[in-house]
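# Architecture and fold: a report
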Amino acid sequence: MQTRRHFMASSAAATALLGFLPRQAKATVSFETLEAMSASVQLAPDGYPATDIWGYGGTAPGPILRVAQGGRLQRRFVNSLPQASSIHWHGIRIDNAMDGVPGLTQAAVEPGDGFDYDFTLPDAGTYWYHSHNRSAEQVARGLHGALIVEEGTPPDVDREEVFVLDDWLIDPETGQIPGDFESPHARSHAGRMGNLILTSGVFDKTMTVQRNERLRLRLINAANARIFVLGLIGLEGWTMALDGMPLPAPEPLDEVLVLGPGQRADLIVDVTAEEGGTAYLARVNEARGAPQVTFRVRGQASLARRGIPDALPPNPGHVIDLSGDSVNLTLNMEGGAMGGLREAMFNGEQVGFRELAQANQFWAFNGMVGMPDSPMATLDRGQIVRLTISNDTAFPHAMHLHGMHFREVLTDNTLGPMRDTLLMDSSERREIAFAADNPGDWLLHCHMLSHAASGMMTWVRVT
Ligand code: C2O
Ligand code: CU
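Procedures and definitions
Residues numbered from 1 in each chain as written. Chains lettered and ligands numbered in written order. Predicted model: local features only at pLDDT ≥ 70, side-chain atom pairs only at ≥ 80, totals over all residues. Heavy atoms only, no water. Core = buried A, V, L, I, M, F, W, Y, C linked by side-chain atoms within 4.5 Å. Buried < 20%, exposed > 50% of the residue type's maximum accessible area, 1.4 Å probe, protein only. Contact = heavy atoms within 4.5 Å. Helix = DSSP H or I, 4+ residues; strand = E, 2+ residues; numbered from the N terminus. Patch = residues over 30% accessible without salt bridge, like charges linked within 9 Å, V, L, I, M, F, W, Y side chains within 5 Å. Areas by Shrake-Rupley, 256 points an atom, 1.4 Å probe, with all protein chains shown as cover. Salt bridge = Lys/Arg side-chain N within 4 Å of Asp/Glu carboxyl O. pLDDT = per-residue confidence, 0-100. Pairing = 2+ DSSP bridges. Axes fitted to C-alpha atoms, helices over the stretch in contact; angles between N-to-C directions. Phe/Tyr/Trp six-rings, centres within 6.5 Å; stacked < 30°, edge-to-face > 60°. Lys NZ or Arg CZ within 6 Å of the ring centre and 35° of its normal.

Here is a general trend for soluble globular proteins: nonpolar side chains tend to be buried in one another's company. In this structure, Trp 89, Phe 119 and Leu 147 are the most contacted members of the largest nonpolar core, which totals 60 residues. Ignoring any residue separated from it by four or fewer positions in sequence, one finds Phe 119 in contact with Gly 71, Arg 72, Leu 73, Trp 89, Ile 92, Ile 94 and Met 98. Counting residues in each nonpolar core, the second largest holds 28 residues, with Met 207, Leu 217, Leu 230 and Ala 273 among its members.

One can find Ser 131 in strand 7 (residues 125-131). Sequence spacing of Ser 131 and Phe 353 is 222 residues, and the spatial spacing of their C-alpha atoms is 30 Å. Other than its neighbours up to four places away in sequence, Ser 131 contacts Tyr 56, Ser 85, Ser 86, Gln 138, Val 139 and Leu 143.

Let's shift gears to a nonpolar patch on the surface. A cluster of nonpolar side chains, namely Val 256, Val 258 and Val 284, defines an oily patch on the protein surface of about 200 Å² accessible area. Tracing the backbone shows Val 256 in the loop between strand 15 (245-252) and strand 16 (257-259).

It is worth spelling out the confidence of the model for the protein at this point. Looking at the protein, pLDDT values average 94 and 94% of them are 70 or higher. Confidence over residues 1-27 falls short of pLDDT 50; this stretch has two contacts with residues more than four positions distant or in other chains.

Another point: unusual backbone geometry. Among all residues except glycine, the phi angle is most often negative; among peptide bonds, the trans geometry is most common. Along the chain, Ala 60 connects to Pro 61 via a cis peptide bond; the corresponding omega equals -5°. For Pro 61, the location among the structural elements is in the loop between strand 2 (51-56) and strand 3 (65-68). One non-glycine residue, Arg 288, lies in the positive phi region at around 60°. By the element assignment, Arg 288 lies in the loop between strand 18 (278-283) and strand 19 (290-300).

Adjacent strands of a sheet form backbone hydrogen bonds with each other and so pair up, either parallel or antiparallel. One open sheet holds the four strands; their spatial order is 3-8-7-5, and the pairing between them is mixed. Strands with a single pairing partner mark the edges of an open sheet, and in this sheet they are strand 3 and strand 5 (87-90). Between one strand axis and the next, the sheet turns by 25° as a mean value, whatever way the strands run. Note: strand 7 against strand 8 (residues 144-150), six bridges, orientation antiparallel.

Further remarks concern the packing of aromatic side chains. Under the criterion given, the structure shown has ten aromatic pairs. Here the aromatic rings of Phe 115 and Tyr 117 are separated by 4.6 Å at their centres, their planes lie at 50°, and the arrangement is tilted. Among the aromatic residues, those joined into a cluster by ring pairs are Tyr 56, Phe 77, Trp 89, Phe 115, Tyr 117, Phe 119 and Tyr 129. Taking NZ or CZ as reference, Arg 141 lies 4.5 Å from the ring centre of Trp 54, over its face.

Under the definition given, this model contains 30 salt bridges. A salt bridge links Arg 134 to Glu 137; the shortest N-O distance between them is 3.1 Å. We classify Arg 134 as partly exposed; its relative accessible area is 44%. Assessed through its relative accessible area of 8%, Glu 137 is described here as buried. When the shortest N-O distance is used, the salt bridge between Asp 243 and Arg 419 registers 3.0 Å. Taken together, the positions of Asp 243 in the loop between strand 14 (235-242) and strand 15 and Arg 419 in strand 28 (residues 415-419) put the pair 176 residues apart, joining distant regions of the chain. With respect to class, Asp 243 is no different from Arg 419; both count as buried. What emerges from the salt-bridge pattern is a single network uniting Arg 66, Glu 150, Glu 151, Glu 160, Arg 216, Arg 218 and Asp 266.

In C-alpha cells:
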C-alpha cells in the first residue's frame, strides 16, 4: 500500500512536470562518466617536482577502458577543463557521430558541459582514446588512454600488459609542462618532442617476470611526435597485430619494431633471459639503447618455452578487393622546414610560404593548408579507394585515417597489414587502399599533432 501510494504520488508529480520528463528520463540512464580534469601527478623521477596535468579521471594515461568485442562503450564525457574538448576513439570502426572531431562530427564540449559517447566495437584489438580538440596541447597535457577490445577467446598467455608509450616535455626545475604548444619550430620541424619518456605514466617502468613466462604486450604510441624504435632484449616473440588488427600469422620480432605516433602493436613475447637476469623492451635507436620497460627475471614459469602462438582471430569484414573498380586519389604532402614549398592555398587565398609561416602554418596537402571546407573526395559507400601519398617534405609523417582501416599496396601489388596510421619517411611515395564502407565524414591527417595543427589535415566523405 505504502509503495503504491508513493508511486501514485510520484507519478502525479511527474505528470505536473511533464515538460521536464524527457530530461529526467535521460538523467536516469546516465552513463558512467569519464571526466577530463586537472591533477598533479609525479611523472618525473623521485626528487623532481610533481607535474600539473590534464587527464581523464585525473591520471595520465587515463583509465584503461576494456570492452568485449561486439560490445558497447557508453561513457558520459564530462569536461572539467578550462578549455573545450572532445574524445576521439582512435582506430575504432565507429558510428561517425561518435568520432569526436569538433567542427566535423560534433561541437567541441565546452568547460562544464558533457557529451554522451555510445557506440559498438566491432573489432577486437588495441586502440586508444584521446582529445581531438587542440590536440597538440591537450594530448601533450595527458588527455589520452588505452581502449582495449577483447577477443571472445583470448590467446594463451600468462599475463597481459598495456604499455602506453609517451614523451613529455617538462621543465626539470619546476616539473611543469611549458605552455609553448604552438611553437613554430616544433610545428615546422619534427613536432613537439618531450624530454621525459614514460611507459604508462611511469619513468623507469619495471616489473618482475619469470623465465619462460609468456606475455602479451599491447603497445600504444601516444606521443605527439616521437617515433619509437623498439627492440627486445632477453625476450623473444612475435608481432601479433598492428593498429589493433591481427596479422594473418605471427611475425617473429627479431629486428626492430617502429611505432609512429598513433600506431599500436600487440606482441606475444616469452621471457628468455636467465633467472636472476634482466630483460628489456628497449629503445634501440638511442645511443647504447635505453630501457623502455625493464623486466627482472625471478624464478621460472616452466622448464621450456612454449611453441609458436596461433594467430589472433581475424576481425569481421574488412574486405579490400583490388580486382574490381577503384577510385584513385593522390595526396601530396608539402611544406615544413627545408621543404621548398613556395605557396599554398590558405583561408581561400594563395599565399607565399613566408606569409604562411607568419600565420604559424607550414604544411599543405595537395596545395591546401589546413582543414578544407569541402572534402578531398566524396566516396560512394562501398567504393574501393586507392590513395597514393607522396611525402615531399624533409620529415617523416604518420598519416591517420579515421573510421576505416586501410592496407598498403606493396610494390608487387600485394596488400600489407591492415592499419589506421601509416608512418612515411621523407621523400617516400606509398599507396594505400581501403573500402569506403563506413558512412560519414572522416579525417585524414598527420598524427604528429603539431603538423596537424599547422596544415596537415583533410577529410573524406563517405555517402
Ligand atoms: Cu588519433 Cu585524428 O586522431
Ligand atoms: Cu607530420
